[in-house]
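# Descriptive structure summary
Residue strings, one per chain:
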Amino acid sequence: MVFFASFYALPLEALPGALLAMAMGLIVSYAVGFLFFNRLRLAASLQFGRRMDGHRPESRTEAHDNSAEDELAEQFHREQDSPGSGPDR
């Protein structure tokens, strides 16, 4: 709303200059961000790509449940691999 109000308050002669200044500011800010914040840009693009693929971050509860399941699976495999626990005892 403030964006449009500022254009309404400007005289018509200043409008092309204001648009040009905004366009130049956008280009300069993009160039600075691209050059100096490459690591953040790459991380953001990776996160965006993962979101678009349908991945979502795990909640703390999901992480706890997954670790509990992994521990049970490891315990099961240790019991199966221990000597004397096979079907031909």
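As the structure is a computational prediction, the values presented were derived from the model and not from experiment. (Residues numbered from 1 in each chain as written. Predicted model: local features only at pLDDT ≥ 70, side-chain atom pairs only at ≥ 80, totals over all residues. Heavy atoms only, no water.)

The next thing to look at is the overall build of the protein. Tallying secondary structure elements over the protein gives 4 helices and 0 strands in all. In sequence order, the protein lays out its α and β elements as α-α-α-α. Looking at the 89 residues of the protein, the share that counts as buried comes to 1%. Surface exposure of the protein reaches about 8400 Å², of which carbon and sulfur atoms provide 65%. (Helix = DSSP H or I, 4+ residues; strand = E, 2+ residues; numbered from the N terminus. Buried < 20%, exposed > 50% of the residue type's maximum accessible area, 1.4 Å probe, protein only. Areas by Shrake-Rupley, 256 points an atom, 1.4 Å probe, with all protein chains shown as cover.)

This part covers a negative patch on the surface. Residues Asp65, Glu69, Asp70 and Glu74 make up a contiguous surface patch of negative charge. As for its placement among the helices and strands, Asp65 is situated in helix α4 (residues 60-81). (Patch = residues over 30% accessible without salt bridge, like charges linked within 9 Å, V, L, I, M, F, W, Y side chains within 5 Å. Salt bridge = Lys/Arg side-chain N within 4 Å of Asp/Glu carboxyl O. Lys, Arg positive; Asp, Glu negative; His and termini not counted. Charge placed at Lys NZ, Arg CZ, Asp CG, Glu CD.)

Now for helix α3 (residues 38-52). Its 15 residues place the ends of α3 21 Å apart at the C-alpha level, agreeing with the 21 Å of an ideal helix rising 1.5 Å per residue. Once α3 ends, the next one or two residues include Gly54, with phi positive near 100°. (Expected span 1.5 Å × (residues − 1).)

Under the definition given, this model contains 1 salt bridge. Note that Glu71 is salt-bridged to Arg78, the shortest N-O span being 3.4 Å. Looking at Glu71, the relative accessible area reads 44%, which means it is partly exposed. The class for Arg78 is partly exposed, based on a relative accessible area of 49%.

Take the confidence of the model for the protein next. Averaged over every residue, the pLDDT of the protein is 80; the share at 70 or more is 80%. Across the protein, the element-wise mean pLDDT spans from 63 in helix α1 (residues 2-9) up to 89 in α4. (pLDDT = per-residue confidence, 0-100.)

Here we come to a nonpolar patch on the surface. Together, Val28, Tyr30, Val32, Phe34, Leu35, Phe36, Phe37 and Leu40 make up an exposed nonpolar region whose accessible area comes to about 880 Å². Relative to the helices and strands, Phe36 is located in helix α2 (residues 15-36). Using a relative accessible area of 62% as the deciding quantity, one classes Phe36 as exposed.

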